[in-house]
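Below, each chain spelled out in residue letters.
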There are 2 protein chains.
Amino acid sequence: MTTSRRAVLLLSGGMDSATTGAIASQAGFELYALSFRYGQRHAIELEAARRVASALGVARHVILNIDLAAFGGSALTTGSAVPKDRSLAAMDASVPVTYVPARNTIFLSFALGWGETLDASDLFIGANAVDYSGYPDCRPEFLRAFEAMAQLGTKMGTEGRAITIHAPLIRMTKGQIVQRGRELGVDFSLTRTCYDPNARGEACGRCDACLLRLKGFAEAGLRDPAPYALLS
Amino acid sequence: MTTSRRAVLLLSGGMDSATTGAIASQAGFELYALSFRYGQRHAIELEAARRVASALGVARHVILNIDLAAFGGSALTTGSAVPKDRSLAAMDASVPVTYVPARNTIFLSFALGWGETLDASDLFIGANAVDYSGYPDCRPEFLRAFEAMAQLGTKMGTEGRAITIHAPLIRMTKGQIVQRGRELGVDFSLTRTCYDPNARGEACGRCDACLLRLKGFAEAGLRDPAPYALLS
């Protein structure tokens, strides 16, 4: 423990935010975890977020209800088909249909607001620009622009407090994330990533998120402990 | 009508957003109005927002539920006392207790997300830097920073579409806003501004919002048609 400053952690229940939380915790931050119920088709990732928050020993975990489905516009909220079995090149070629308009902007805005009530100017997000290059709101230049905006748009920022968006995974491959998480003792069996799990909560193994996750475990030379419908 | 582009309008039910909507409408935009139920202590401003949306003839009016009260931190959501009878100098001296952490950041983020699903890159907000100098998220430099962030963080922005945050009232005095609204036919009797109305929906006449509104009508040489508990 080098410090006991508070930080807000965006926590999805996936392997990236779990690893991000472990990195923040090791850096000595007291964690306030924030998850969202935003019209998802299933509650499995929120159950995973609860398990991960508990494993991280966070000071508080808030799940906010926000109705992104009221706007439509994404496979993650409108019920459109999730693409399966795509190549990495195809994933990279365009903004994915699973892109949720302004999602990280909205999530970071709530993290910022909560941070201000907590006197916390450090926000952690598991954004990754290597395997999610198609998502504009996962890129370093977006995060830096959000930081600049947050500095100007908050009481703590205008009073001189430096607001920092930490995205420690931003340049890592999935394999490096798995390795780093393992070093920090992240229990990946608690995490869920799949865009299209079955009723038992088993991952499909074929959507973009599953394919990237499985690639990461393969690169790290480890077996993914999460349950899969097709591969277990 | 010079154009029929769509725009998202942040609509609170107060005189500023009503006037902003009238300006956007006159500029030829088809309006999509967005209001928030965010743990307010009363629904009076949302009723006003509905009336104003109807008077503006918006294409659609969405009221989103977001639970800012889960975070605490502001008189508008926590139930703390609203200050009364303050001088304009006192209002100017510091960030008001009615400041809601990151509120405009959160509101604009949702407007951005909805805008992206509507193919609308024009967002209108009734922010004003003259009479609300204490709110960091009402200043032009914040709005420009939000615009830069939105450009980088969205599909439409990264595809080259220019995202514009319109804040046509930003440099106006309250008196000028009243005059401009009147020229455009805004029915100010539909709008509500008070932070602390009574059970009949009558304004207190003494909170910061009422004092600024009354100053505006006085400067414009008009009588405020909204109902007041003490002054009618």
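Provided above is the structure to which this section pertains.
Reading the values: rules and limits
- Residues numbered from 1 in each chain as written.
- Chains lettered and ligands numbered in written order.
- Predicted model: local features only at pLDDT ≥ 70, side-chain atom pairs only at ≥ 80, totals over all residues.
- Axes fitted to C-alpha atoms, helices over the stretch in contact; angles between N-to-C directions.
- Helix = DSSP H or I, 4+ residues; strand = E, 2+ residues; numbered from the N terminus.
- Parallel < 35°, antiparallel > 145°, perpendicular 65-115°, else oblique.
- Left-handed = near helix turned anticlockwise from the far one by under 90°.
- Contact = placed C-beta atoms within 7 Å.
- Core = buried A, V, L, I, M, F, W, Y, C linked by C-beta atoms within 7 Å.
- Buried ≥ 20, exposed ≤ 12 C-beta atoms within 10 Å, placed from the backbone.
- Right-handed = clockwise from strand over helix to strand, strands pointing away.
- Pairing = 2+ DSSP bridges.
- Nonpolar A, V, L, I, M, F, W, Y, C, P; charged D, E, K, R; others polar.

1. Here we look at the packing of helix 8 (residues 174-183) of chain B against helix 9 (residues 208-220) of chain B
Helix-helix packing is characterised by the crossing angle of the two axes and by the distance between the axes.
All names here are of chain B.
Step number 1: Following both chains from N to C, one finds helix 8 and helix 9 inclined at 65 degrees, their axes separated by 7 Å at the closest point. Regarding the angle of helix 8 to helix 9, the classification is roughly perpendicular. Of the two possible hands of crossing, helix 8 and helix 9 adopt the one that is right-handed. The residues of helix 9 that touch helix 8, namely those facing Lys174, Gly175, Ile177, Val178 and Gln179, are Leu212, Arg213, Lys215, Gly216, Phe217, Glu219 and Ala220.

2. With respect to the environment of Pro168 of chain B
Residue and element names in this part refer to chain B.
Step number 1: Tracing the chain through its elements places Pro168 in the loop between strand 5 (164-166) and helix 8.
Step number 2: Counting along the chain gives 42 residues from Pro168 to Gly126, while the straight-line C-alpha distance between them is 7.1 Å.
Step number 3: Not counting residues up to four positions away in its chain, the partners in contact with Pro168 are Thr20 and Ile23.

3. Re the nonpolar core
Step number 1: If you look at the biggest cluster of nonpolar residues, it comprises 142 residues, and the most contacted ones within it are Leu9 of chain A together with Leu9 of chain B.
Step number 2: Setting aside anything within four residues of it in sequence, one finds Leu9 of chain A in contact with Thr20, Gly21, Ala24, Leu31, Tyr32, Ala33, Leu34 and Phe124 of chain A.

4. Description of the pairing of strand 1 (residues 6-10) of chain B
Residue and element names in this part refer to chain B.
Step number 1: Within strand 1, 4 of the 5 residues are buried, leaving the element largely enclosed by the surrounding structure.
Step number 2: Tracing the backbone out of strand 1, into helix 1 (residues 15-26) and back to the parallel element strand 2 (residues 30-37) gives a crossover that is right-handed.
Step number 3: Pairing geometry for strand 1 and strand 4 (residues 122-124), over 3 bridges, is parallel. Note on strand 4: the bridge partner recorded for Val8 is Leu123.

5. Describing the interface of chain B and chain A
Step number 1: The interface of chain B with chain A comprises 38 residues on the first partner and 38 residues on the second.
Step number 2: Every element with two or more residues in the side of chain B that touches chain A is listed here: strand 3 (60-65), helix 5 (103-118), helix 6 (140-153) and helix 7 (155-158) of chain B.
Step number 3: At 10 residues, the largest contribution of residues to the side of chain B that touches chain A is made by helix 5 of chain B.
Step number 4: Across the side of chain B that touches chain A, the residue classes tally to 21 nonpolar, 12 polar and 5 charged.

6. Topic: the sheet that holds strand 1 (residues 6-10) of chain A
Residues and elements named next belong to chain A.
Step number 1: Strand order in the open sheet formed by 5 strands is 3-2-1-4-5, with parallel pairing between adjacent strands. A single partner strand is all that each edge strand has here, and the edge strands are strand 3 (60-65) and strand 5 (164-166). The sheet shows a mean angle of 25 degrees between the axes of neighbouring strands, taken without regard to direction.
Step number 2: Looking at chain direction, strand 2 (residues 30-37) and strand 3 are connected through 6 bridges and run parallel. Bridged to Tyr32 within strand 3 is Arg60.

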